[in-house]
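# Results of the structural survey
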Amino acid sequence: MDILFSTDRIAERIAAMGNEITEFYRDRPLTVIALMNGGICFAADLSRAIALPIWLDSIGVASYANRTSTGSLDFRSTLKLDPKGREILLLDEVLDTGTTLKHVSEKLRALGASGVRTAVMVEKEIPRPNGLAHADWAGFLCPQRYLVGYGLDADERYRNLPYIAAID
């Protein structure tokens with residue numbers, strides 16, 4: 001395992017992102033939606049770093065099987081909060097192909113969200129011809145590698161590592 005982002009670096013970047021997001025949404029109600037399972041660690045930390053009252057929800061989605069993107073999105077759960085009229089911030093651990101964030105964003109807009117923005121812990125520096133090109137906020141940029149830790153997994157293993165590492 002090659003550790004790319006330490007626990008301390010992650011904490012520093014989360015604090016900075018929390019400040020940026022707080023300033024951006026300063027006088028507007030904000031609903032934060034975590035994409036599960038991967039976004040759980042990132043969402044827990046970032047939601048506490050946003051110095052605003054927020055609504056918090058989650059949705060289960062999957063676009064990978066056997067460490068490979070399937071190219072489609074499987075919705076495994078639904079939202080508790082109605083997105084209609086809400087400013088939404090989607091949180092996920094990684095922006096890889098962009099399929100997940102693109103499809104979930106489109107679905108939320110179709111359900112009447114007044115705005116949808118995205119934040120990820122890691123944005124891979126790769127072309128995304130069919131997905132979301134870039135997140136609105138990204139903790140780190142990283143070349144194409146298979147990442148684990150801090151919510152990222154390899155067949156549901158390693159999510160609980162407190163750092164982000166590559167396993168190539």
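The structure this text deals with has already been given above.
A brief look at the structure comes next. (Residues numbered from 1 in each chain as written. Predicted model: local features only at pLDDT ≥ 70, side-chain atom pairs only at ≥ 80, totals over all residues. Heavy atoms only, no water.)

### Let's talk about the environment of Y150
Within the secondary structure, Y150 is located in the loop between β8 (147-148) and β9 (164-166). Taking relative accessible area as the criterion, Y150 reaches 6% and is therefore assigned buried. (Helix = DSSP H or I, 4+ residues; strand = E, 2+ residues; numbered from the N terminus. Buried < 20%, exposed > 50% of the residue type's maximum accessible area, 1.4 Å probe, protein only.)

### With respect to the pairing of strand β6 (residues 115-124)
Taken across its 10 residues, β6 has 9 buried, putting it largely inside the fold. Two strands pair when backbone bridges link them, and strand β5 (residues 87-95) and β6 are joined in this way by 8 bridges, in the parallel orientation. Within β6, the residue paired with L90 across the bridge is T118. Between β5 and its parallel partner β6, the chain crosses via helix α3 (residues 99-110), and the hand of that crossover is right-handed. Bridging between β6 and strand β7 (residues 137-142) involves 5 bridges; their strand directions are parallel. Across the sheet, V122 pairs through a bridge with F140, a residue of β7. (Pairing = 2+ DSSP bridges. Right-handed = clockwise from strand over helix to strand, strands pointing away.)

### As for the pairing of strand β2 (residues 30-36)
Most of β2 sits inside the fold, with 7 of its 7 residues counted as buried. Here β2 shows a buried face lined by L30, V32, A34 and M36 and a second buried face lined by T31, I33 and L35. Here β2 runs beside β5; their pairing, made up of 4 bridges, is parallel. Opposite V32, over in β5, you have L89 as the bridge partner.

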